[in-house]
There are 2 protein chains.
Amino acid sequence: MAQAVAGPEIERLIQLLARLPGLGPRSARRAALHLIAKREQLLGPLSEAMRVANERIVVCETCGNVDTSDPCTICRDPGRDSSIIVVVEGVSDLWALERAGALRARYHVLGGVLSALDGVRPEHLNVDALVKRAAEPGVREIILALNATVDGQTTAHYLTDLVSHLPVRVTRLAHGVPVGGELDYLDEGTLSAALRQRTAF
Amino acid sequence: MAQAVAGPEIERLIQLLARLPGLGPRSARRAALHLIAKREQLLGPLSEAMRVANERIVVCETCGNVDTSDPCTICRDPGRDSSIIVVVEGVSDLWALERAGALRARYHVLGGVLSALDGVRPEHLNVDALVKRAAEPGVREIILALNATVDGQTTAHYLTDLVSHLPVRVTRLAHGVPVGGELDYLDEGTLSAALRQRTAF
């Protein structure tokens, strides 16, 4: 705002809200007013939830997940298959896979992917810990659940080389037609992959 | 999420963030991860800014603006023209007009507009206080800066009747072509109004 009309406290709230992904200056102002209007139902509880999160959230030293305990809920869960480690780029991918609920295994969060453009090299990623985990007895499979982007696939190749001396199977997610997807809208690469990797009906 | 994978504290943070306007479940998860990743630069400060806002923000009893003081910064500002009261639907409209910076007057926040559909009647709005302020000596003009919607204009007519016994001039915002707007994209109502209210060049 050109001039402060609402006191520095509200200005500061707006400025910080505008730094959330998905909010710009305009929607941050709307969000601030919404918070102020719903003070008891939203502003108070959200402020408290953030304080608690800030105080209690830790990164799991085993897998790189964020949680309020270390090891995290997933690493501590005795009902999960310890022989499979699903490698993901970030925590949001871990959450997405958990929502799918297709596999109850362990995870390993890389914290990014290799990128020549962004200058991300192996030492910036949680790679050494992965190799150490892959060498543990009982681990049979590493599933590389990385994005189907150039950087994601480069990283997948790099990791495959890195654990090639170990007695583990390295797999990656299947390429193909998304469920509910229309062929007409799919790119040639996806269609070719879906044809090559066709399955028995 | 189908099952909690990240502890109840993070779940709660996501649920509350999803209630902000402009954020849905998906972007709330992204926002939560962004907050956790930028803990010191963002999560801590935002949590604190919300706590301070929750503790200190009050609604100005004079005009209905939100601020950390009552009367608010605008009502206390001796440099403003007290003879003009700009009537707005909400605080966001007040902020928008202040950003335009065209007029340094007082405001009056109605807290909504009359709406038969939503069951908003005069007693739900900050109307009595407006009539009282309009009757104060020294007040010469009431500018109805309400949205150019049916409800906004209904409310404008209602308010005009309500203060018609007072020696104040009641005005409303001009209709016309938005600055930077292209005629081709404007509706007929706006174009007709812009023609009727044409000004000397």
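What you are looking at is a predicted structure, and each value in this text was computed from that prediction instead of being measured. (Residues numbered from 1 in each chain as written. Chains lettered and ligands numbered in written order. Predicted model: local features only at pLDDT ≥ 70, side-chain atom pairs only at ≥ 80, totals over all residues. Heavy atoms only, no water.)

Peer 1: For this particular structure, what's the right way to read the sheet that holds strand β5 (residues 141-144) of chain B?
Peer 2: Whenever strands of a sheet pair, they do so through backbone hydrogen bonds, lying parallel or antiparallel. Residues and elements named next belong to chain B. Taken together, 4 strands build an open sheet; the order of strands is β4-β3-β5-β6 and the sheet is parallel. This sheet does not close on itself; its edge strands, each paired only once, are β4 (105-109) and β6 (169-172). For this sheet the average axis-to-axis angle between neighbouring strands, irrespective of direction, equals 25°. Where strand β3 (residues 81-88) meets β5, 4 bridges bridge the pair, whose relative direction is parallel. Residue Val-86 lies in a different strand from β5, and its bridge partner there is Ile-143. (Pairing = 2+ DSSP bridges. Helix = DSSP H or I, 4+ residues; strand = E, 2+ residues; numbered from the N terminus. Axes fitted to C-alpha atoms, helices over the stretch in contact; angles between N-to-C directions.)

Peer 1: Explain the interface of chain A and chain B here, please?
Peer 2: The figure often quoted for interface size is the accessible area lost as the parts come together. With 54 residues of chain A at the interface, the matching set in chain B holds 55 residues. The interface formed by chain A and chain B holds 2 salt bridges in total. Among the salt bridges present, the one from Glu-9 of chain A reaches Arg-56 of chain B, with a minimum N-O distance of 2.7 Å. Between the two partners, chain A and chain B, sit 12 residue pairs in polar contact (both at pLDDT 80 or more). Within the residue set of the side of chain A that touches chain B, elements represented by two or more residues are α1 (7-17), α2 (25-37), α3 (39-56), β2 (66-67), α4 (73-76) and α5 (91-100) of chain A. (Contact = heavy atoms within 4.5 Å. Salt bridge = Lys/Arg side-chain N within 4 Å of Asp/Glu carboxyl O. Polar contact = N/O pair within 3.5 Å; in protein donor to acceptor, adjacent residues only side chain to side chain.)

Peer 1: Can you walk me through empty space enclosed by the protein in this structure?
Peer 2: One simple way to see leftover space: roll a probe sized like a water molecule over the atoms. Residue and element names in this part refer to chain B. Overall, the coordinates contain 1 cavity of 30 Å³ or more when judged by the stated rule. Size it by volume and the largest cavity reaches roughly 30 Å³. Taken together, Leu-130, Ala-134, Ile-142, Leu-144, Leu-159, Thr-160, Val-163 and Val-170 make up the lining of the largest cavity. Among the secondary structure elements, those contributing two or more residues to the lining of the largest cavity are α6 (128-134), β5 and α7 (150-162). Residue composition of the lining of the largest cavity, grouped by class: 7 nonpolar, 1 polar and no charged. (1 Å grid on protein atoms, 1.4 Å probe; cavity = no way out; pocket = protein on both sides within 12 Å on 5 of 7 lines; lining within 4 Å. Points joined across faces, edges and corners; volume = space filled by probe spheres on them. Nonpolar A, V, L, I, M, F, W, Y, C, P; charged D, E, K, R; others polar.)

Peer 1: How should the relation of the copies chain A and chain B be read in this particular structure?
Peer 2: Between the two copies of the chain lies a rotation about an axis combined with a shift along it. Mapping chain A onto chain B is achieved by rotating through 179° and translating by 0.0 Å along the same axis, at an RMSD of 0.1 Å. The transformation just described matches what one would write down for a two-fold rotation axis. Across chain A, the rotation axis passes nearest the C-alpha of Ser-47 of chain A, at a separation of 2.5 Å. A symmetric contact is evident, with 100% of the interface residues of chain A recurring at the interface of chain B. (Least-squares fit on C-alpha atoms with pLDDT ≥ 70 in both.)

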